[in-house]
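Residue-level structure breakdown
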Amino acid sequence: MVKFMLEHLEKSGCGILDGSCWAVHCEKKIAGVYTRRGWIMVCSNHMNMQDEVNQVVIHELIHAGTDSCWPS
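Rules and cut-offs
- Residues numbered from 1 in each chain as written.
- Predicted model: local features only at pLDDT ≥ 70, side-chain atom pairs only at ≥ 80, totals over all residues.
- Heavy atoms only, no water.
- Pairing = 2+ DSSP bridges.
- Helix = DSSP H or I, 4+ residues; strand = E, 2+ residues; numbered from the N terminus.
- Axes fitted to C-alpha atoms, helices over the stretch in contact; angles between N-to-C directions.
- Contact = heavy atoms within 4.5 Å.
- Disulfide = S-S within 2.5 Å.
- Buried < 20%, exposed > 50% of the residue type's maximum accessible area, 1.4 Å probe, protein only.
- Phe/Tyr/Trp six-rings, centres within 6.5 Å; stacked < 30°, edge-to-face > 60°.

Further remarks concern the sheet that holds strand β2 (residues 32–34). Pairing is mixed in the open sheet, where 3 strands are placed in the order β1-β3-β2. Taken across any chain shown, the strands that pair with only one partner, and hence form the sheet edges, are β1 (21–24) and β2. Adjacent strand axes in the sheet meet at a mean angle of 15° when their direction is disregarded. Along the sheet, helix α2 (residues 50–69) makes contact with β1, β2 and β3 (40–43), crossing β2 at roughly 20°.

Here it is in structure tokens:
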């Protein structure tokens, strides 16, 4: 699903740059965040399984599309 979303963001002119997805230590109890600078940060200290990481990245890619590429 991540690959599918990346491909379709790219096709719509809103590709995510290489190196813009980071695993970080978060103080707050959050899973991840999409920043206005176009970065996806996954709070790795709150993840226990790869599926959780995948779900967070998918969620943040949706924000990348709706917040940056197709704002309302």
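That shown, we press on.
Bringing the state of the cysteines into the picture now. Here the structure, examined in full by the defined rule, presents 1 disulfide. Two residues share a disulfide in this structure: C26 and C43, whose sulfurs sit 2.0 Å from each other. Given an S-S torsion of about -75°, the disulfide between C26 and C43 has left-handed geometry. Of this pair, C26 sits in the loop between β1 and β2 while C43 sits in strand β3; the two residues are 17 residues apart in sequence, bridging distant segments of the chain. Assessed through its relative accessible area of 12%, C26 is described here as buried. For C43, a relative accessible area of 1% puts it in the buried group. In this structure C21 is a free cysteine whose sulfur lies 11 Å from that of C43, the closest cysteine sulfur available.

Right, let's talk about the packing of aromatic side chains for a bit. Evaluation of the coordinates by the stated rule reveals 1 aromatic pair. Their ring planes at 50° and their centres at 6.5 Å tell us that W22 and W39 sit as a pair that is tilted. Residue W22 is located in strand β1, and its partner W39 is located in the loop between β2 and β3; the two are separated by 17 residues in the primary sequence.

Read these as layout, nothing more, since geometry by itself doesn't imply function.
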